[in-house]
Amino acid sequence: MRTTLEMRLRESRRLVILELINALQARRIDANTLAYAMRDMDMEMPADVLDGELAWLDRQGLVTVETLPVGKSIAITARGDQHVRGVTVEPGVARPALK
């Protein structure tokens, strides 16, 4: 199967989401703050697209999404952490750069 530009952008967005959450000491972020962080990295997207990416990452077991009265809280899972550190490779998510 050919990889399209849209697929590569989607995979990159997913990696950036995981990296942002993983960089936090609490390994948890609210959806609004995540949206602002993505905007600051020139990866702004409509709220429904971000919700879709978070739902996809949740279904893959890379994050957990908890709906709270004030919004959504997203936490990285051990599997998501392993991908960010390059221990595992997850289909549909760009590979992290070697450090």
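This report concerns the structure included in the present document. Residue indices follow the written sequence of each chain, beginning from 1 at its first position. In keeping with the predicted nature of the model, local features appear solely for residues at pLDDT of at least 70, side-chain atom pairs appear and are counted solely at 80 or more, and the whole-chain, interface and lining totals rest on all residues. Processing note: side-chain calculations cover all non-hydrogen atoms of the structure and skip hydrogens and water entirely.

Attention now moves to the environment of L15. Labels follow the DSSP assignment, with helices taken as runs of H or I lasting at least four residues and strands as runs of E lasting at least two, numbered in each case from the N terminus. Tracing the backbone shows L15 in helix 1 (residues 5-23). Only protein chains enter the accessibility calculation, which uses a 1.4 Å probe; a residue whose area is less than 20% of its type maximum is buried, one above 50% is exposed, and one in between is partly exposed. A residue is classified by how much of its surface remains accessible, and L15, at 8% relative accessible area, is buried. Distance from L15 to G92, taken between C-alpha atoms, is 9.2 Å for residues 77 residues apart in sequence. Here, residues are in contact when the closest pair of their heavy atoms is within 4.5 Å. Apart from residues lying up to four places away in sequence, L15 is in contact with H83, V93, A94, R95 and P96.

Throughout this description, the term nonpolar core refers to a set of buried Ala, Val, Leu, Ile, Met, Phe, Trp, Tyr and Cys residues connected via side-chain atoms within 4.5 Å. In terms of nonpolar packing, the biggest core is built from 21 residues, with I17, L18, I21, L34, L57, I74 and V93 touching the most fellow members. When contributions to this core are tallied by element, the ones reaching two or more residues are helix 1, helix 2 (31-40), helix 3 (47-59) and strand 3 (71-76). Sorting elements by how many residues they give to this core places helix 1 first, with 5 residues. Apart from residues lying up to four places away in sequence, L34 is in contact with I17, L20, I29, L50 and L54.

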